[in-house]
Amino acid sequence: MNRLEKIKFLSAQHARQVIAMRRHLHAHPELSYQETGVVATIKGKNPDSKLIALRADMDALPIQEINDVPYRSINAGVMHACGHDAHTASLLGTAFILHELKDEFEGTVRLIFQPGEEKNPGGASFMIDAGVLQNPVPSSIVGQHVFPLLPVGKVGFREGMYMASSDEIYLRVIGKGGHGAAPDLTIDPVVIASHLIIALQQIISRNASPKQPTVLTFGKITADGATNIIPDEVKIAGTFRAMNEEWRREGLARITKMAKQIAEGMGGRCEVEISNGYPYLQNDPAVTKRIREAAEAYVGKENVIELDLSLGSEDFAYYSQVIPASFYRLGTRNEEKGITAYLHTPAFDIDEDALEIGPGLMAWIAIHELESLPVQHS
Ligand code: NI
């Protein structure tokens, strides 16, 4: 057996255990930061010569599961609806495989199990602060995420910009309420808010570069008046996404300035609160090219696809700001089995056949990454 065959064999051998672990985690989900970060190290030969890192996230979401499966969540209102149970189980499987092969590769693999991917400011930022990218600094970091748009058996990669930064915008438009039949005696915050929502879209269409993906969406408006009552205030909440840190800063500054000045110009005022989320995710071209080639050897070229840009966000982006990083997708869709629900929905599930591929693929990628590195002499 050559090494690739051996890894596939080990991955198949461990699949039942990995699936059992995934099911246990799925049945016992924990919300962001209820879990604790764990770092494990697997040392090969000459362990100080080189180092790479692999990452899995572990948290669940505040969603009530509707799937009728034996491993259904037993925690009411909490569900692994983003597949982080699968990520954790898969990386444990990778650990088994790498451990069994530790006499066959040079260097060290650091496995990062991080909490709190789903909640600002993102568990990755705490793990970095705690030093997971130091002493020594890994040459690269790779993350794997399940993907319900991709059939099981396939994996997806993308070099360069992949996912967006994400900031939450909270606007409080303050006017002066009164009788709906006497608007002249009021400062109508509903009308001010209406202007704001339209005007702020022009920041995207007139100020952002048309070559840069960016989006502003307001999904929540609360104006608690009535047919004949003008309220005192209107609350608006939304999200701003970008793929360029300079534009991100400029966009947020423009949103703040325009919201305040339009409200003031109309006789009211606007309080702006911004909750900063994750930065944009940049997949290092060299790392991505290497791990993509490794995946082509592992699953076959016909099963490796190019991912589309996404304006979603992911806290793996924090790692990508510190060291060369790449985030790829593991196909988990199976139309025949009816497994098609999207991430963050109460019907989300994965085709567990993916857990025969994920652990071995990541082990193969890890060894491939280590072999691509020159030996460092400390
Ligand atoms: Ni996720």
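Residues numbered from 1 in each chain as written. Predicted model: local features only at pLDDT ≥ 70, side-chain atom pairs only at ≥ 80, totals over all residues. Heavy atoms only, no water.

Observations concerning the domain arrangement of the protein chain
Right, on to step 1. Each assigned domain of the protein chain is listed with its residue range as follows: domain 1 (3–164 + 280–372) and domain 2 (165–276).
Right, on to step 2. Here the C-alpha centre of domain 2 lies 38 Å away from the C-alpha centre of domain 1.
Right, on to step 3. Contacts between domain 1 and domain 2 engage 12 residues on the former and 14 residues on the latter.
Right, on to step 4. Per-residue buried area on domain 1 facing domain 2 is highest for Asn120, Tyr280 and Leu311; these three make up 53% of the total on that side.
Right, on to step 5. Connecting domain 1 to domain 2 are 0 salt bridges.
Right, on to step 6. At the junction of domain 1 with domain 2, the criterion picks out 3 residue pairs in polar contact (both at pLDDT 80 or more).
Right, on to step 7. Within the side of domain 1 that touches domain 2, the residues separate by chemical class into 7 nonpolar, 5 polar and no charged. (Domains from an automatic or database assignment. Contact = heavy atoms within 4.5 Å. Buried area = accessible area lost by both parts, 1.4 Å probe. Salt bridge = Lys/Arg side-chain N within 4 Å of Asp/Glu carboxyl O. Polar contact = N/O pair within 3.5 Å; in protein donor to acceptor, adjacent residues only side chain to side chain. Nonpolar A, V, L, I, M, F, W, Y, C, P; charged D, E, K, R; others polar.)

Some remarks on the environment of Phe157
Right, on to step 1. Tracing the sequence through the fold places Phe157 in strand E5 (residues 155–157).
Right, on to step 2. Note on Phe157: relative accessible area 1%, which makes it buried.
Right, on to step 3. Separated by 132 residues in sequence, Phe157 and Lys289 have C-alpha atoms that sit 8.7 Å apart. (Helix = DSSP H or I, 4+ residues; strand = E, 2+ residues; numbered from the N terminus. Buried < 20%, exposed > 50% of the residue type's maximum accessible area, 1.4 Å probe, protein only.)

Quick word on the packing of aromatic side chains
Right, on to step 1. Counting across every chain of the model gives 8 aromatic pairs.
Right, on to step 2. Seen from their ring centres, Phe157 and Tyr328 are 5.1 Å apart, and the 15 degrees between their planes marks the pair as stacked. A residue pair is termed long-range when its members are at least 10 positions apart, and Phe157 in strand E5 and Tyr328 in strand E15 (residues 325–333) qualify at 171 residues. Considered together, Phe157 and Tyr328 belong to a single accessibility category, that of buried residues.
Right, on to step 3. These aromatic residues form a ring-pair network of at least three members: Tyr162, Phe316, Tyr319 and Phe327.
Right, on to step 4. The ring centre of Tyr298 lies 5.2 Å from the NZ or CZ of Lys8, which sits over that ring.
Right, on to step 5. Its guanidinium or amino end placed over the ring of Phe147, Arg329 lies 4.7 Å from that ring's centre, counting from NZ or CZ. (Phe/Tyr/Trp six-rings, centres within 6.5 Å; stacked < 30°, edge-to-face > 60°. Lys NZ or Arg CZ within 6 Å of the ring centre and 35° of its normal.)

A look at the packing of helix H1 (residues 3–27) against helix H2 (residues 84–100)
Right, on to step 1. Contact geometry for H1 and H2: axes closest at 8 Å, N-to-C directions at 145 degrees. Classified by chirality, the crossing of H2 by H1 is right-handed. On H2, the residues touching Ile7, Leu10, Ser11, His14, Gln17, Val18, Met21, Arg22, Leu25 and His26 of H1 are Asp85, Ala86, Thr88, Ala89, Ser90, Leu92, Gly93, Phe96, Ile97 and Glu100.
Right, on to step 2. Classifying every residue of the contact of H1 with H2 by side-chain character gives 10 nonpolar, 7 polar and 3 charged. (Axes fitted to C-alpha atoms, helices over the stretch in contact; angles between N-to-C directions. Left-handed = near helix turned anticlockwise from the far one by under 90°.)

Observations regarding the pattern of salt bridges
Right, on to step 1. Applying the stated criterion to the full structure yields 23 salt bridges.
Right, on to step 2. Here Lys337 makes a salt bridge to Asp353, at a shortest N to O gap of 3.4 Å. With Lys337 in the loop between E15 and helix H8 (354–372) and Asp353 in the loop between E15 and H8, this residue pair connects regions lying 16 residues apart in the sequence.
Right, on to step 3. Residue classification places Lys337 among the partly exposed residues on the basis of a relative accessible area of 47%.
Right, on to step 4. Because the salt bridges share partners, they merge into one network encompassing Arg22, Arg23, Asp85, Asp349 and Glu352.

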